[in-house]
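Architecture at a glance
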Amino acid sequence: MNRPLTLSTALMLVVPPLLWAGNAVVGRLVSTMVPPITLNFLRWAIALLILAPLAGWVYRKGSGMWSHWRRFALLGLLGVGMYNALQYLALQSSTPINVTLVAASMPVWMLLIGWMFFGAGVSRRQVAGALLSVAGVLIVLSRGEWQQLVALRLVPGDLFMVLATIAWSVYSWLLAGRKEPEAIRSDWAAFLLAQVTFGVMWSGAFAAGEWAAGSRHIAWGLPLAAALLYVAVGPAIVAFRCWGAGVQRVGPNIAAFFNNLTPLFAALMSSAFLRELPHAYHAAAFLLIVGGIVLSSR
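Scope of this entry: the structure provided in the associated data block. (Residues numbered from 1 in each chain as written. Predicted model: local features only at pLDDT ≥ 70, side-chain atom pairs only at ≥ 80, totals over all residues. Heavy atoms only, no water.)

Two elements in contact, helix α3 (residues 69-90) and helix α7 (residues 156-176), have axes whose closest approach is 8 Å; the angle formed by their N-to-C orientations is 155 degrees. When the axes of α3 and α7 are compared, the pair comes out roughly antiparallel. Between α3 and α7 lies a crossing whose hand is left-handed. Taking contact as the criterion, the partners of R71, L74, L75, L78, G79, M82, Y83, L86, Q87, L89 and A90 in α3 are, on α7, G157, F160, M161, L163, A164, T165, A167, W168, V170, Y171, L174 and L175. Class assignment for the residues of the contact of α3 with α7 results in 18 nonpolar, 4 polar and 1 charged. (Axes fitted to C-alpha atoms, helices over the stretch in contact; angles between N-to-C directions. Helix = DSSP H or I, 4+ residues; strand = E, 2+ residues; numbered from the N terminus. Parallel < 35°, antiparallel > 145°, perpendicular 65-115°, else oblique. Left-handed = near helix turned anticlockwise from the far one by under 90°. Contact = heavy atoms within 4.5 Å. Nonpolar A, V, L, I, M, F, W, Y, C, P; charged D, E, K, R; others polar.)

Applying the stated criterion across every chain yields a total of 3 salt bridges. Between R71 and E180 there is a salt bridge, and its shortest N-O distance comes to 2.4 Å. Taken together, the positions of R71 in helix α3 and E180 in the loop between α7 and α8 (182-185) put the pair 109 residues apart, joining distant regions of the chain. Among the residues examined, E180 registers a relative accessible area of 8% and is labelled buried. The salt bridge involving R178 is made with E182; its shortest N-O contact spans 3.3 Å. Salt bridges here are not isolated pairs; linked through shared partners, they connect R71, E180 and R185. (Salt bridge = Lys/Arg side-chain N within 4 Å of Asp/Glu carboxyl O. Buried < 20%, exposed > 50% of the residue type's maximum accessible area, 1.4 Å probe, protein only.)

With that out of the way, let us pick up the packing of aromatic side chains. In the structure shown here, the tally under the stated rule is 13 aromatic pairs. Plain terms: the ring middles of F72 and F191 are 6.3 Å apart, the flat faces sit at 70 degrees to each other, and that makes the pair edge-to-face. A residue pair is termed long-range when its members are at least 10 positions apart, and F72 in helix α3 and F191 in helix α9 (residues 188-212) qualify at 119 residues. Taking relative accessible area as the criterion, F191 reaches 6% and is therefore assigned buried. (Phe/Tyr/Trp six-rings, centres within 6.5 Å; stacked < 30°, edge-to-face > 60°.)

Reported here for the largest pocket is a volume of approximately 280 Å³. It is helix α10 (residues 222-250) that provides the largest number of residues to the lining of the largest pocket, a total of 6 residues. By residue class, the composition of the lining of the largest pocket is 7 nonpolar, 4 polar and 5 charged. (1 Å grid on protein atoms, 1.4 Å probe; cavity = no way out; pocket = protein on both sides within 12 Å on 5 of 7 lines; lining within 4 Å. Points joined across faces, edges and corners; volume = space filled by probe spheres on them.)

With that settled, consider the nonpolar core. Grouped together as the largest cluster of nonpolar side chains are 75 residues, with contacts concentrated most on W44, F72, M161, W168 and W243. Residues contacting W243, with those up to four places away along its chain left out, are L13, P16, W20, M110, W168, S172, L175, A255 and A256. If you look at the next biggest cluster of nonpolar residues, it comprises 8 residues, including A104, I139, A267 and Y281. (Core = buried A, V, L, I, M, F, W, Y, C linked by side-chain atoms within 4.5 Å.)

Quick look at the structure:
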């Protein structure tokens, strides 16, 4: 961890925000087809079925997964059960552009959580880059009118996304630690399957609560099936694989700034698929976010 940022690592860390931007757009498209918590459960259940043939040996006695079940249960709760469920909840009342821009506060949470709970140092460039990201988020929350910050009222989607970002920050710092058997850690499919196994349990419990509350309508059909296949393979398996490898190489603090590319990709995709054209304040936010990435990665 914390090796210099190379071109190959940078390209690897670009993949997750690209796929997560697509996840936000798809989540908005199917928001009327399936309840958000149920969507998260179905997504990870499919991912588990794909991963099981690749690394089913982790279920054997003595593999190390069961003796370290507390760690994998916590990773599954934060990264699988909470983060994505909260994001899908956010998309019920907010747009993909706004949701991903609010998530651009991640470098701030990553720095704070690393400093407070994991003993990580913080450089001046990282602080400056984080402040630029915060400025971009404030522009979005105020809709480009600074006087509105005084009377700012966050919509539920904004609050859900803030909670999701905090959960992901804690998840990333836990991910950077090496507290599981090397056999599982060195096999990306096994490492991810161990997390997803417990994550499906968490997301299933949350989905059961959603159904008990009365949200049961699912519009089964080809559009929903295609959406589920995409969010299970791309934003789940591929993105988590790339993010985990990138965090192990350069650490959570630097990796977090690449997450801020998600709003840029989300804006382009929203314009193409949802006809939600970016506004001028989105462009200003993009400049601040990209500036934060450049400054922090120097």
